[in-house]
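Structure assessment
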Amino acid sequence: MTQKQFLAELDRQLSLLNISDKDEIMMEYEQHFGFKLADGYTEEEIIVKLDTPNIIAQQFSGSEEKMKTDGAKKVLAISWLVCCDTMTAIFGVFLLAWVAVMAAAAMSLSALAVCLLGQLNYHSLIPDMPYWCAALYGVSFAALAVLTVIGGVYFTAFIRQLFRAYKRFHINIYTRSFKGLTLPSLAIHPQIPVRVNRRMRTVALISLMVFAVAFVGGLTASMLSAGAFEFWHVWQWFQ
Amino acid sequence: MNFQFKKGVLELCVLSMLDKRDCYGYDVSEFLSRHIDISESTMYPILRKLKMEGLVTTYIDEDSGGPPRKYYKLTRSGKEVYASGKNEWTVFANTIQNILEGKLT
């Protein structure tokens, strides 16, 4: 068999089995012959090392078959996707709302800390207390603000990973019924690089300890200054 | 005897080659058929299957000083599948080796 005969037969076999991109496949085999001839092989030697055109065409048709799926499955997949997407969108709105809440909490806590430490009393919202108590409270609220921010970071990473896993799930449902093959699903725990994670954890732990110490310290200081356990009575905070 | 373990692992080999650098079809076919006892036409259908599954993508390179060549390149999902496939294979091969050497009870 010559190269021309081989390629003609391959073309015929591919057409018989209705293989798509037949021209691309033929070009690849022509290039194969080209390279081998350039390396000094004869046409016969090259053909001997190839499978017969019949078998080659069958190998190509193997993957075509797997890609066929029926129309009913596609309709089902689309309707399921629409349902999933709507539910996820609603759920997503709640998740994002919680991030907004955490952000607001962090901002108000820091504002409070700044006011306490800086002795700024905007509209007299903060009740009167000796400065050292205020300072201790200020420090504790600042630590709490840091904790809230870190919590927010973790939560955002969590949501982000949830959405990425969902996107992969969404694509898989689509390709499974349209193209027949799926990608591996993603993990849903938040993906944070190890070093960042470690640093955030240390900061969180330190803030937690600072908050505990400062808050208890503030309470103790207030009780000592007021001379009573219920210092808020003595200072008439809630009158 | 002619055990069929060749077939299963050829796709993994292709992914491994593309993980290291982009190749054209003949590259893959020539390298693998040199080291493994397969026909030289085996790799082309496999490359096409990987492309249809979205694990590899192709691009044409015109400046290689000859006719335009179609290069194969791993996609991001291809990289993921390769990484997990490589792990799976390593575990599998070790288990089989242990069985053959009688190390498992």
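Provided above is the structure to which this section pertains.
The paragraphs below set out a description of the structure included in this document. Fair warning: this is a prediction, and the values are worked out from it, not measured in the lab.

Scoring rules and cut-offs
Residues numbered from 1 in each chain as written. Chains lettered and ligands numbered in written order. Predicted model: local features only at pLDDT ≥ 70, side-chain atom pairs only at ≥ 80, totals over all residues. Heavy atoms only, no water. Salt bridge = Lys/Arg side-chain N within 4 Å of Asp/Glu carboxyl O. Helix = DSSP H or I, 4+ residues; strand = E, 2+ residues; numbered from the N terminus. Buried < 20%, exposed > 50% of the residue type's maximum accessible area, 1.4 Å probe, protein only. Pairing = 2+ DSSP bridges. Contact = heavy atoms within 4.5 Å. Axes fitted to C-alpha atoms, helices over the stretch in contact; angles between N-to-C directions. Patch = residues over 30% accessible without salt bridge, like charges linked within 9 Å, V, L, I, M, F, W, Y side chains within 5 Å. Areas by Shrake-Rupley, 256 points an atom, 1.4 Å probe, with all protein chains shown as cover. Lys, Arg positive; Asp, Glu negative; His and termini not counted. Charge placed at Lys NZ, Arg CZ, Asp CG, Glu CD. Buried area = accessible area lost by both parts, 1.4 Å probe. Polar contact = N/O pair within 3.5 Å; in protein donor to acceptor, adjacent residues only side chain to side chain. Expected span 1.5 Å × (residues − 1). 1 Å grid on protein atoms, 1.4 Å probe; cavity = no way out; pocket = protein on both sides within 12 Å on 5 of 7 lines; lining within 4 Å. Points joined across faces, edges and corners; volume = space filled by probe spheres on them. Nonpolar A, V, L, I, M, F, W, Y, C, P; charged D, E, K, R; others polar. Parallel < 35°, antiparallel > 145°, perpendicular 65-115°, else oblique. Left-handed = near helix turned anticlockwise from the far one by under 90°.

**Topic: the pattern of salt bridges**
This structure, assessed with the given rule, holds 14 salt bridges over all chains. Among the salt bridges present, the one from R12 of chain A reaches E9 of chain A, with a minimum N-O distance of 3.3 Å. Of this pair, R12 of chain A and E9 of chain A are both found in helix α1 (residues 3-16), three residues apart, which corresponds to roughly one turn of the helix. Take R12 of chain A: its relative accessible area is 48%, and that puts it in the partly exposed class. Of the charged contacts, one joins E24 of chain A and K51 of chain B as a salt bridge, the two residues approaching to 3.8 Å between their closest N and O atoms. Here E24 of chain A is found in helix α2 (residues 22-38), whereas its partner K51 of chain B is found in helix α3 (residues 43-52) on a different chain. Classification of E24 of chain A by relative accessible area gives partly exposed; the value is 33%. The network of salt bridges with common partners includes E24 and E28 of chain A together with K51 and K70 of chain B.

**Description of the sheet that holds strand β1 (residues 23-24) of chain B**
The strand order across the open sheet formed by three strands is β1-β3-β2 (chain B), and the pairing between neighbours is antiparallel. Here the strands that pair on one side only, and so sit at the sheet edges, are β1 and β2 (56-61) of chain B. Summarising the sheet, β2 of chain B and strand β3 (residues 69-74) of chain B pair through six bridges and their orientation is antiparallel. Each residue of the ladder has a partner; that of I60 of chain B, found in β3 of chain B, is K70 of chain B. Where α2 of chain A meets the sheet, its contacts fall on β1 and β3 of chain B, and the angle it forms with β3 of chain B comes to roughly 110°.

**Structural notes on a positive patch on the surface**
Residues R160, R164 and K167 of chain A together with R76 of chain B make up a contiguous surface patch of positive charge. Here the element with the most residues in the positive patch is helix α6 (residues 131-178) of chain A; it accounts for three residues. Within the secondary structure, R164 of chain A sits in helix α6.

**Details of the interface of chain B and chain A**
Counting residues at the interface gives 24 residues for chain B and 28 residues for chain A. Surface buried jointly by chain B and chain A totals about 2,400 Å² across both partners, of which 52% is contributed by carbon and sulfur atoms. Considering only the side of chain B, the residues that lose the most area to chain A are Y26, E40 and R48 of chain B, jointly responsible for 28% of the buried surface there. Linking chain B to chain A there are seven salt bridges. Here E40 of chain B ties to K49 of chain A by a salt bridge, and the two come within 3.6 Å at their closest N and O atoms. The tally of links between chain B and chain A comes to 13 residue pairs in polar contact (both at pLDDT 80 or more). Of all the secondary-structure elements, those providing two or more residues to the side of chain B that touches chain A are α2 (25-35), α3, β3 and α4 (76-100) of chain B. With six residues, α3 of chain B is the largest single contributor of residues to the side of chain B that touches chain A.

**Quick notes on α4 of chain B**
Residue and element names in this part refer to chain B. An ideal rise of 1.5 Å per residue puts 36 Å on 25 residues; α4 measures up with 36 Å between its terminal C-alpha atoms. All buried positions along α4 are accounted for by S77, G78, Y82 and G85. Trailing α4 by a residue or two, G102 shows a phi angle of about 70°, which is positive.

**Some remarks on the pairing of β3 of chain B**
All names here are of chain B. Within β3, five of the six residues are buried, which leaves the element mostly enclosed by the surrounding structure. Inspection of the sheet shows β1 paired to β3 by two bridges, in the antiparallel sense. Note that in β3 the partner of C23 across the bridge is Y72.

**Description of the environment of S41 of chain B**
Along the chain, S41 of chain B turns up in the loop between α2 and α3. By relative accessible area, which is 0% here, S41 of chain B ends up buried. C-alpha separation for the pair S41 of chain B and E30 of chain B, spaced 11 residues apart in sequence, amounts to 9.6 Å. Once you skip the residues sitting within four places of it in the chain, S41 of chain B turns out to touch Y29, K49, L50, D51, I56 and Q59 of chain A.

**Describing empty space enclosed by the protein**
Overall, the coordinates contain one cavity of 30 Å³ or more when judged by the stated rule. Here the largest cavity is characterised by a volume of approximately 70 Å³. Going through the elements one at a time, α2 of chain A together with α2 of chain B are the ones with two or more residues in the lining of the largest cavity. Examining the composition of the lining of the largest cavity, we find that four residues originate from one element, α2 of chain A, more than from any other. Split by residue class, the lining of the largest cavity holds five nonpolar, two polar and two charged.

**A short note on the environment of I206 of chain A**
Among the secondary structure elements, I206 of chain A is positioned in helix α7 (residues 194-226). As a C-alpha pair, I206 of chain A and A143 of chain A span 63 residues in sequence and 8.5 Å in three-dimensional space.

**Re the packing of α2 of chain A against α3 of chain B**
As a packed pair, α2 of chain A and α3 of chain B sit with axes 11 Å apart at the nearest point and diverge in direction by 140°. As summarised for this structure, α2 of chain A and α3 of chain B are arranged oblique, according to the angle between their axes. Read as a crossing pair, α2 of chain A and α3 of chain B show a hand that is right-handed. Between α2 of chain A, through E24, I25, E28, Y29 and H32 of chain A, and α3 of chain B, the contact on the second element is made entirely by Y44, P45, R48 and K51 of chain B.

It is worth stressing that arrangement in space is one thing and function is another; only the former is reported here.
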